[in-house]
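Examination of the molecular architecture
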Amino acid sequence: MNNEKKVDIVLEEYKALRAETQSRSQKQFFSVSASIIAVGTLIGIFLQNTATNYPIILIIPWVLTVFGIYWVDNAESIRGIGKFIGDEIEKNKIPSLTGEDAKNLLTWQTSVNEKYIDGDIRDIPYIIIFIPLVYFILPSVIAIIAFIYCAKQLSLIAIFSVVFINSLLVGCLIYQLVGSFKRSYIKSLFNKKSNKKAL
């Protein structure tokens, strides 16, 4: 197989991975929009009669946790695909097959990786932090607090049990989010050390 055909195969792989990135980005949008509809509906039912409908707000942490983990998982996959495109295709495969300097060929994903993945974790776009923290986690916590406030007639054991279970759900999402950023932080530290050694 000549290099021209190999380049065509690599470019098809590149297009497929870019399409996968776009697909996962759409799934993230779906997780946000679908959860907005679901949570909005639940809040609407709750507000119709807060005295009797208050248990319904406990569904909110479940909905947001499921969609939140789904959102974070897709964010991780997008970062992983971007890392592969930049390191394997743009820096390695295409230059080795064409004999050209990588800087003269495909460079977009490489430049993104250098800033957001290989660079300082502080350069990560705020939306990646904002959506999981403020949208998926904070409303779940507020829903649990609202339930505690409205469920005054229940026993303390019942309230504690329900709050504990829902707190575990929120904890799972926080664990997933923290794990994602911890991996990114470790990678950024490792890359900094590697760059210092190279100098």
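The following paragraphs examine the structure supplied in this document.

About the thresholds
Residues numbered from 1 in each chain as written. Predicted model: local features only at pLDDT ≥ 70, side-chain atom pairs only at ≥ 80, totals over all residues. Heavy atoms only, no water. Helix = DSSP H or I, 4+ residues; strand = E, 2+ residues; numbered from the N terminus. Buried < 20%, exposed > 50% of the residue type's maximum accessible area, 1.4 Å probe, protein only. Contact = heavy atoms within 4.5 Å. Areas by Shrake-Rupley, 256 points an atom, 1.4 Å probe, with all protein chains shown as cover. Phe/Tyr/Trp six-rings, centres within 6.5 Å; stacked < 30°, edge-to-face > 60°. Patch = residues over 30% accessible without salt bridge, like charges linked within 9 Å, V, L, I, M, F, W, Y side chains within 5 Å. Salt bridge = Lys/Arg side-chain N within 4 Å of Asp/Glu carboxyl O.

Comments concerning the overall build of the protein chain
- Within the protein chain one finds six helices and zero strands.
- Classification of the 199 residues of the protein chain by burial places 36% in the buried group.
- A sequence separation of at least 24 residues applies to 77% of the contacts in the protein chain between residues at least 6 apart.
- Only carbon and sulfur atoms are counted for the fraction: they give 67% of the accessible area of the protein chain, which is about 12200 Å².

Let's talk about the packing of aromatic side chains
- Evaluation of the coordinates by the stated rule reveals four aromatic pairs.
- Ring geometry for Tyr-54 versus Phe-147: centroids 5.7 Å apart, planes at 45 degrees, classification tilted. Pair noted here: Tyr-54 is in the loop between α2 (50-53) and α3 (59-98) and Phe-147 is in helix α5 (residues 126-150), with a separation of 93 residues, a long-range link.
- On the numbers, 6.0 Å between centres and 20 degrees between planes, the contact of Phe-160 with Phe-164 is stacked. One end of the pair is Phe-160 and the other is Phe-164, both in helix α6 (residues 156-198) and four residues apart, which spans about a single turn.
- Since its relative accessible area comes to 57%, Phe-160 is described here as exposed.
- Residue classification places Phe-164 among the partly exposed positions, given a relative accessible area of 44%.

Looking at a nonpolar patch on the surface
- Taken together, Ile-59, Trp-62, Phe-160, Phe-164, Ile-165 and Leu-168 make up a surface patch of nonpolar side chains, about 620 Å² in accessible area.
- Those elements that place two or more of their residues in the nonpolar patch are α3 and α6.
- Counting residues per element, the nonpolar patch draws most heavily on α6, which supplies four residues.
- Tracing the sequence through the fold places Leu-168 in helix α6.

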